[in-house]
Amino acid sequence: MAEKRDYYEVLGLQKGAGEEEIKRAFRQLAKKYHPDLNPGNKEAEAKFKEVNEAYEVLSDKDKRQRYDQFGFAGVDPSYGGGTAGAGGFGGGFGGFGDLGDLFGDIFGGGFGGFGGGSRVRDPNGPIRGEHLSAQVTISFMEAVKGCTKELKVGRLENCSECGGSGAKKGTSPETCPDCHGTGQVTVRRQTAIGVMQMQQPCARCGGRGRVIKEQCPKCGGKGRVKVNKTITVNIPAGIDDGQTVAVRGQGDSGRNGGPAGDLRVTVNVRPDPIFERDGYDIWCEIPITYAQAAMGDDITVPTVDGKVSYHVPEGTQSGTVFRLRDKGVQSLNGRGRGDQYVRAVIEVPKSLTRTQKEKLREFDESLGEKNYQKRKSFAERLRDRFNEKDAK
């Protein structure tokens, strides 16, 4: 297995980088390595996943704090140590509650001798189903306007044969004779500080409090079966790349009458060739000719709502930014929209003919200082600077 790279290194950042720096670095790299822009490129695909993983941690305040303190172990338990390594027992021994948790981890069951009380839940009580995760890729315009997507998801549903009990049809689970339905048994263990009494899951029933003598042939006694289902996901207008939509009740079904979990869909937005998003604002760059910039002109500007006409004023400089109010992205809460910013860039003509060059040179020679205020100002500052040095 390849060794993981430091998340800051992945995004090309220094530790302590600000939120905007992290967001900007992610956007640039995600756009560079996006699978849609690098079809069939396995290296780019791996880089894209690496960038997404780094951003998921560094953009989350809590995850980033744990990563900064404990490294990968702070955000990925598979790297060993978890997040409690440098913190002793995670909060002192107040009431011995945390010490009980420690022994519970060591011996595999609830530790009941110290303060904190019993935390054993009813094994036959309702249990919420597990949440499921999925991803969907949409276009820039679909993210701006909202859309509906259908996803095929494999989820666990209650077995139709046994109704979720796990027992063969016509029979019922029986109370476990070892734990008497509690799911827990009390054991005595010799430890470094003497003989201690503690609780652990019942071995016979696996902590469920019930045993099945005749299993359901369809689900094998599990009570749930895997079902492939097509689920409709409504993507709200204004969703941004990397955000998640929760589809309530479309995760795995619950146990013992518990509610189903949710389906959490992470949205990936493909880059757009014209627009670039910054929060709820939209940016685009439009090339204009030298003549349009010098004399002014009406130009066509693309927006997410269609084309609009905009008048470029006389004397517009390259890089000038114009603002179109309320032409950005709709807020996710439906209250207002961002703006669109248009950067005008003067395109210098290439491949001029001899006649064109002569006319351009003649035109340039006809201009004076009043036509070039910035150049005049710069020349004056330059003259003052060198006169300053000469005087010294």
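Residues numbered from 1 in each chain as written. Predicted model: local features only at pLDDT ≥ 70, side-chain atom pairs only at ≥ 80, totals over all residues. Heavy atoms only, no water.

1. Looking at helix H3 (residues 42–58)
Taking 1.5 Å of rise per residue, 17 residues should cover 24 Å, and H3 covers 24 Å from first to last C-alpha, within 8% of that figure. Along H3, the positions that sit buried rather than exposed are Ala44, Phe48, Val51, Ala54, Tyr55, Val57 and Leu58. Where H3 is buried, its residues meet helix H1 (7–10), helix H2 (19–33) and helix H4 (61–70). The opening residue of H3, the one whose side-chain oxygen lies 3.1 Å from the backbone nitrogen of Glu43, is Asn41. (Helix = DSSP H or I, 4+ residues; strand = E, 2+ residues; numbered from the N terminus. Expected span 1.5 Å × (residues − 1). Buried < 20%, exposed > 50% of the residue type's maximum accessible area, 1.4 Å probe, protein only. Contact = heavy atoms within 4.5 Å. Polar contact = N/O pair within 3.5 Å; in protein donor to acceptor, adjacent residues only side chain to side chain.)

2. As for the confidence of the model for the protein chain
Overall, the prediction assigns the protein chain a mean pLDDT of 82, with 84% of residues at 70 or greater. The low-confidence segment residues 79–120, where pLDDT is below 50, has 47 contacts with residues more than four positions distant or belonging to other chains. (pLDDT = per-residue confidence, 0-100.)

3. Considering the sheet that holds strand S9 (residues 263–269)
Ordered in space as S1-S9-S8, the three strands form an open sheet in which the pairing is mixed. With partners counted over all chains shown, the strands left at the sheet margins are strand S1 (132–138) and strand S8 (244–247), one partner each. Ignoring strand direction, the axes of neighbouring strands in this sheet form an average angle of 25°. Note: S8 against S9, four bridges, orientation antiparallel. Within S9, the residue paired with Val247 across the bridge is Leu263. (Pairing = 2+ DSSP bridges. Axes fitted to C-alpha atoms, helices over the stretch in contact; angles between N-to-C directions.)

4. Points about the environment of Arg64
Residue placement: Arg64 occurs in helix H4. Given a relative accessible area of 15%, Arg64 falls into the buried group. In the structure, Arg64 is positioned 11 residues away from Val75 in sequence and 8.4 Å away in space, judged by C-alpha atoms. Contact partners of Arg64, with chain neighbours within four places excluded, come to Tyr8, Gly16, Ala17, Ile22, Val57 and Leu58. Reaching out from Arg64, the side chain makes a polar contact with the backbone oxygen of Ala17 at a distance of 2.7 Å.

5. Some points on the environment of Asp6
When you line up the elements, Asp6 lands in the segment before H1. The exposure class of Asp6 is partly exposed, given its relative accessible area of 31%. Residues Asp6 and Tyr67 lie 61 residues apart in sequence; the distance between their C-alpha atoms is 9.9 Å. Setting aside anything within four residues of it in sequence, one finds Asp6 in contact with Tyr67 and Phe72. At a separation of 2.6 Å, a polar atom in the side chain of Asp6 contacts the side chain of Tyr67.

6. Section: the sheet that holds strand S14 (residues 321–324)
Read across the sheet, four strands follow the order S10-S11-S15-S14 without closing on themselves; strand pairing throughout is mixed. The sheet is open, and its two edges are formed by strand S10 (276–278) and S14, each paired on a single side. Taken over all neighbouring pairs, the strand axes of this sheet differ in orientation by 30° on average, direction set aside. Relative to strand S11 (residues 281–288), S10 is paired through three bridges, and the arrangement is antiparallel. Bridge assignment links Arg277 to a residue of S11, and that residue is Ile282.

7. Here's the deal with the packing of H2 against H3
At their nearest, the axes of H2 and H3 sit 9 Å apart, and the two run at 160° to each other. One finds that H2 runs roughly antiparallel with respect to H3. Of the two possible hands of crossing, H2 and H3 adopt the one that is left-handed. When H2 is examined against H3, the residues Ile22, Lys23, Phe26, Leu29, Ala30 and Tyr33 are found in contact with a partner set consisting of Ala44, Lys47, Phe48, Val51, Asn52, Tyr55 and Leu58. For the contact of H2 with H3, the class distribution of residues is 10 nonpolar, one polar and two charged. (Parallel < 35°, antiparallel > 145°, perpendicular 65-115°, else oblique. Left-handed = near helix turned anticlockwise from the far one by under 90°. Nonpolar A, V, L, I, M, F, W, Y, C, P; charged D, E, K, R; others polar.)

8. A few points about the nonpolar core
Ranked by internal contacts, the top residues of the largest apolar core, which has 21 residues, are Tyr7, Leu11, Leu13, Ile22, Val51, Leu58 and Tyr67. Among the elements that take part in this core, H3 stands out by supplying seven residues, more than any other. Setting aside its immediate chain neighbours within four residues, Val51 contacts Val10, Leu11, Phe26, Leu29, Ala30 and Tyr33. Core analysis: the next-biggest nonpolar cluster, separate from the first, contains 18 residues, Ile138, Leu151, Ile239 and Val245 among them. (Core = buried A, V, L, I, M, F, W, Y, C linked by side-chain atoms within 4.5 Å.)

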